[in-house]
Amino acid sequence: MGDRVRVCSPDGVGPEVEFDVMYSNPPIRIGKPALHALLERWLGRLTPDGVAYLVVQKHLGADSLQRWLT
């Protein structure tokens, strides 16, 4: 597994890199426009069969985020 893991800043991830799975507790408190931009940037890099697991508390906007994702 060591050759399959690389740590870098978000800007250090090349545009050709795709992901099979993403796990995130997204930074909800950055505001909707910034959050949506962040999610569009990264969720768009999922492989065709890729899956994202996002953890968001209900009282912090989980319902509206779910509607936006749909």
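Residues numbered from 1 in each chain as written. Predicted model: local features only at pLDDT ≥ 70, side-chain atom pairs only at ≥ 80, totals over all residues. Heavy atoms only, no water.

With reference to specific residues and values, describe the overall build of the protein.
Scanning the protein from N- to C-terminus turns up two helices and two strands. In sequence order, the protein lays out its α and β elements as β-α-β-α. By principal-axis analysis of the C-alpha atoms, the protein measures approximately 40 × 25 × 20 Å. Contacts in the protein between residues at least 24 apart in sequence constitute 73% of all its contacts with a sequence separation of at least 6. Of the roughly 5,600 Å² of accessible surface on the protein, 55% is carried by carbon and sulfur atoms. (Helix = DSSP H or I, 4+ residues; strand = E, 2+ residues; numbered from the N terminus. Contact = heavy atoms within 4.5 Å. Areas by Shrake-Rupley, 256 points an atom, 1.4 Å probe, with all protein chains shown as cover.)

Mind laying out the pattern of salt bridges, listing which residues take part and the relevant values?
On inspection of all chains with the given rule, the structure shows two salt bridges. Close ionic contact of Arg-41 with Asp-11 constitutes a salt bridge, the shortest N to O distance being 3.0 Å. Taken together, the residues Arg-41 in helix α1 (residues 32-43) and Asp-11 in the segment before β1 (19-24) connect sequence positions 30 residues apart. Using a relative accessible area of 66% as the deciding quantity, one classes Asp-11 as exposed. (Salt bridge = Lys/Arg side-chain N within 4 Å of Asp/Glu carboxyl O. Buried < 20%, exposed > 50% of the residue type's maximum accessible area, 1.4 Å probe, protein only.)

Run through the pairing of β1, naming residues and quoting values.
Inspection of the sheet shows β1 paired to strand β2 (residues 46-54) by five bridges, in the parallel sense. Paired with Ser-24 across the bridge in β2 is Leu-54. Read as a crossover between parallel neighbours, the route from β1 over α1 to β2 is right-handed. (Pairing = 2+ DSSP bridges. Right-handed = clockwise from strand over helix to strand, strands pointing away.)

Please give an account of a nonpolar patch on the surface that cites residues and values.
A contiguous nonpolar patch, built from Val-21, Tyr-23, Val-51 and Tyr-53 and spanning about 420 Å² of accessible area, is present on the exposed surface. Broken down by secondary-structure element, the contributors of at least two residues to the nonpolar patch are β1 and β2. Relative to the elements of secondary structure, Val-21 occurs in strand β1. (Patch = residues over 30% accessible without salt bridge, like charges linked within 9 Å, V, L, I, M, F, W, Y side chains within 5 Å.)

Got a sec to walk through the environment of Val-21? Specific residues and values, please.
Classification of Val-21 by relative accessible area gives partly exposed; the value is 38%. The spacing of Val-21 and Ala-52 is 31 residues in sequence and 5.7 Å in space, taken between C-alpha atoms. Residues within four places of Val-21 in sequence aside, it is in contact with Val-51 and Tyr-53.

None of the figures reported here should be taken as evidence of function without further support.
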